[in-house]
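# Understanding the architecture of this molecule
Okay, here's what each chain looks like letter by letter:
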Amino acid sequence: EEAECTRSAFVSALQARMGAPVGYKAGLTSEQVQQRFNASSPVRGTLLRNMLLPAGSKVSAAFGFRPVFEADLLVRIADSAVNTATTTAEVAAAIDRVIPFIELPDLAVSDPAALDRAAITAINVGARLGVTGEPMAVGPAQPIDQLLRTMTVTVRSNGAVLDEGAGVDVLGDPLRAVLWVAGDLARHGGNLKVGDLVSLGAFSRLSRPSPGQTVEVEYRGLPGNPTVSVEFE
């Protein structure tokens, strides 16, 4: 409860330079990341308008106090029925866009190894920046829930493979992150709204950026095998 109160105050302070809320992020959605931070369930943060940058953006490698990057995805809510969804198929029916996303979190503290679930909540799950790719329209004709489960994710650094992941790395089914966010908001008297974005979580390990590094993420198995990239300076 103290962590959630701190998060609320922190997000309010961030809005002065980062803009109004545009959605939420689910953190600690992979077993690997949960183990790193000694947690057994996800956490929720708030995404603000100026956190989202266009594809190909140049970003300082020192964009935060403890900057890192990871492969992620955004989905856009198209139907408030998502708030009563109980399956990922119902979530799939309530979204209209999937957006490639390299998240650029800031772990924010002097000793990130000491962070736990409460502390990560307090720092708004490290939400600071992220680079968005070309949105993909999805609809009833596309089994996007199945495609997200079976996709593979490749992270390249200056052209060389840095890490690889899979859709099932996020809660066994990426759209479960949306179910979790909706449920967590409901427990606090809120809900997802049409137009909200939801960041699903990490499909790769957290890595530190370096000046001169170009990072590209490819999502094989999604329509067109989309990519998104960021250049650090």
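Okay, so let's go over this structure. (Residues numbered from 1 in each chain as written. Predicted model: local features only at pLDDT ≥ 70, side-chain atom pairs only at ≥ 80, totals over all residues. Heavy atoms only, no water.)

Across its full length, the chain carries six helices and 13 strands. For 233 residues, the compact-globule estimate of 2.2 N^0.38 gives 17 Å, and the chain sits close to it at 16 Å. Seen through its principal axes, the chain has C-alpha atoms that stretch 45 × 45 × 30 Å. Counting the 233 residues in the chain, one finds 53% classified as buried. Counting contacts in the chain only where the partners sit at least 6 residues apart, residues at least 24 apart contribute 78% of the total. For the chain, the accessible area works out to roughly 10,000 Å², and carbon and sulfur atoms hold 49% of it. In the chain, 20 side chains carry a positive charge and 25 a negative one; their mean positions are 3 Å apart. (Helix = DSSP H or I, 4+ residues; strand = E, 2+ residues; numbered from the N terminus. Rg over C-alpha atoms; globule rule 2.2 N^0.38 Å. Buried < 20%, exposed > 50% of the residue type's maximum accessible area, 1.4 Å probe, protein only. Contact = heavy atoms within 4.5 Å. Areas by Shrake-Rupley, 256 points an atom, 1.4 Å probe, with all protein chains shown as cover. Lys, Arg positive; Asp, Glu negative; His and termini not counted. Charge placed at Lys NZ, Arg CZ, Asp CG, Glu CD.)

Another aspect to go through is the packing of aromatic side chains. What the rule picks out here adds up to one aromatic pair. Its guanidinium or amino end placed over the ring of Phe-65, Arg-66 lies 4.7 Å from that ring's centre, counting from NZ or CZ. (Phe/Tyr/Trp six-rings, centres within 6.5 Å; stacked < 30°, edge-to-face > 60°. Lys NZ or Arg CZ within 6 Å of the ring centre and 35° of its normal.)

All chains considered together, the criterion is met by eleven salt bridges. Among the ionic pairs, Asp-96 bridges to Arg-76, the shortest N-O distance being 3.0 Å. Placement of Asp-96 in strand β6 (residues 95–104) and of Arg-76 in strand β5 (residues 70–77) is noted, with a sequence separation of 20 residues between them. As a salt-bridge pair, Arg-156 and Glu-218 come within 3.2 Å of each other at their nearest N and O atoms. (Salt bridge = Lys/Arg side-chain N within 4 Å of Asp/Glu carboxyl O.)

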